[in-house]
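A structural walkthrough
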Amino acid sequence: MVSDYASSHAQFAAAFWAQVEAEPIARCYAQALKGAAEKQGAVYQVAEQFDSLLEEVFRQFPQFERLLESAFISFEEKVAVLDRTLGSQAHPVFLNFLKVVVRRNRVSLLREVYRQFTRLVAEWEGRVAVEVTIAGPLTAEEEEKVRETLRKKIGKDPILTWRVDPQIIGGIIIRIGDKVYDASVATQLQNLVRQIFDRAAHEVQHRRDRFRHPAGN
């Protein structure tokens, strides 16, 4: 059981740190997109189109995302596809942004860029973007309790994004900007397992010391 938990936690930790490493890069792209969109007075239009790309296009047509990520398709061909499919609808700022992302092979970061972009837009509006990760769906009443607690805590209206991750087992992980507040049961279990291993290692070392120095018995 401990082995299963350790394996599950290792997978969760790997995914977590992969996201942490991706954040600074994604933040740079988000800041550049936000700055360009603001200059054109198109922040909300770009935000809407970014959301539509992820939720409508990528979700319904995952092969389109795979095409943009593929190493077997040239950049020129990908640009032609973007122009043909999005050119007449996407704002020039957003279309150019996508071309830069494709050219630099950063398509896999688009969801993280979007998360950072929405946070920047919320701050621009005087609000705070908050990502809440839970082990399972909450009721509307429970969500409202979380929202009200956060509103009192940060003194601003929180814009919540909910994520469900069964691997945290229980509890809640709250991300506000670059800060993560981890109150998950998984973290508590991790600490418990570490304590067990530490005690076992200490006991083994103690027995070795006694074996090496019989006079100390």
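These notes cover the structure that comes with them. Quick caveat, the model's predicted, so the values are computed rather than measured. (Residues numbered from 1 in each chain as written. Predicted model: local features only at pLDDT ≥ 70, side-chain atom pairs only at ≥ 80, totals over all residues. Heavy atoms only, no water.)

**Notes on the sheet that holds strand S1 (residues 128–134)**
Worth spelling out the cut-off: Any two strands are treated as partners once DSSP identifies two or more bridges connecting them. Strands here are runs of E lasting at least two residues and helices are runs of H or I lasting at least four, both read from the DSSP assignment and numbered beginning at the N terminus. Axes, fitted as lines to C-alpha atoms, cover a helix only where it is in contact. Angles between the N-to-C directions of the axes lie from 0 to 180 degrees. Contacts are assigned to residue pairs that have any heavy atoms within 4.5 Å of one another.
Here we have four strands laid out as an open sheet, ordered S2-S1-S3-S4, and mixed in their pairing. Looking at strand neighbours, the two that pair on one side only are strand S2 (158–164) and strand S4 (179–182), the edges of this open sheet. Each strand of the sheet is rotated relative to its neighbour by a mean of 20°, with strand direction disregarded. Bridge analysis of S1 against S2 gives seven bridges, and the strand direction is parallel. What sits directly across from Ile134, in S2, is Val164. Helix H6 (residues 110–124) rests against S1, S2 and strand S3 (172–176) of the sheet, and its axis sits at about 140° to S1. Taken strand by strand, helix H7 (residues 140–154) contacts S1, S2 and S3, and its axis lies near 135° from that of S2.

**Observations regarding the nonpolar core**
Applied cut-off: We define a nonpolar core as any set of buried Ala, Val, Leu, Ile, Met, Phe, Trp, Tyr and Cys residues linked to one another through side-chain atoms lying within 4.5 Å. Each residue is placed in one exposure class: buried if its accessible area under a 1.4 Å probe, protein chains only, is under 20% of its type's maximum, exposed if it is over 50%, and partly exposed if it falls in between.
Core analysis: the biggest nonpolar cluster contains 35 residues, and Phe50, Phe97 and Leu110 have the highest contact counts within it. Among the elements of the structure, helix H1 (2–39), helix H2 (43–60), helix H3 (62–69), helix H4 (75–86), helix H5 (92–103) and H6 are those that each provide at least two residues to this core. Phe97 has contacts with Tyr29, Leu33, Phe50, Leu110 and Val113, leaving out every residue within four places of it along the chain. Core analysis: the second largest hydrophobic core is formed by 10 residues, Val128, Leu160, Ile174 and Ile176 among them.

**Some details on the layout of surface pockets**
Basically, it comes down to this: In this analysis, the protein atoms alone were mapped onto a 1 Å grid. Cavities are point sets where a 1.4 Å probe fits without being able to get out; pockets are open sets with protein on both sides within 12 Å along at least five of seven lines; lining residues have an atom within 4 Å of a point. Grid points are joined across faces, edges and corners, and a volume is the space filled by probe spheres set on the points. Note on residue classes: Ala, Val, Leu, Ile, Met, Phe, Trp, Tyr, Cys and Pro are nonpolar, Asp, Glu, Lys and Arg are charged, and everything else, Gly too, is polar.
Computed from the structure, the largest pocket encloses a volume of approximately 550 Å³. Those elements that place two or more of their residues in the lining of the largest pocket are H2, H6, S1 and S2. A total of six residues in the lining of the largest pocket trace back to one element, the largest contributor, which is H6. When grouped by side-chain class, the residues that make up the lining of the largest pocket number seven nonpolar, four polar and 10 charged.

**Focus: H7**
Applied cut-off: To estimate how far a helix should reach, multiply one less than its number of residues by 1.5 Å.
With 15 residues, H7 should cover 21 Å at 1.5 Å per step; its first-to-last C-alpha distance of 21 Å lies within 8% of that length. Two residues or fewer after H7 comes Gly155, characterised by a positive phi angle close to 75°.

**Things to note about the packing of aromatic side chains**
Two aromatic rings are characterised by how far apart their centres lie and by the angle between their planes. What counts is decided by this rule: Geometry of aromatic contacts follows a simple scheme: Phe, Tyr and Trp rings, the Trp one being its six-membered ring, pair when their centres are within 6.5 Å, and the pair is stacked under 30 degrees between planes, edge-to-face over 60, tilted otherwise.
Tallied over the entire structure, the rule returns seven aromatic pairs. Ring centres of Phe50 and Tyr114 lie 5.1 Å apart, and the angle between their planes is 65°; on these two criteria the pair is classed as edge-to-face. One end of the pair, Phe50, is in helix H2; the other, Tyr114, is in helix H6, with 64 residues separating them in the sequence. Taking relative accessible area as the criterion, Phe50 reaches 0% and is therefore assigned buried. Here Phe94 and Phe97 contribute two aromatic rings whose centre-to-centre distance is 6.0 Å and whose plane-to-plane angle is 25°, an arrangement assigned as stacked. With a gap of three residues between them, Phe94 and Phe97 both fall in helix H5, about one helical turn apart. For Phe97, a relative accessible area of 7% translates into the label buried. Each member of the aromatic cluster is reached from another via a ring pair, and the members are Phe50, Phe94, Phe97, Tyr114 and Phe117.

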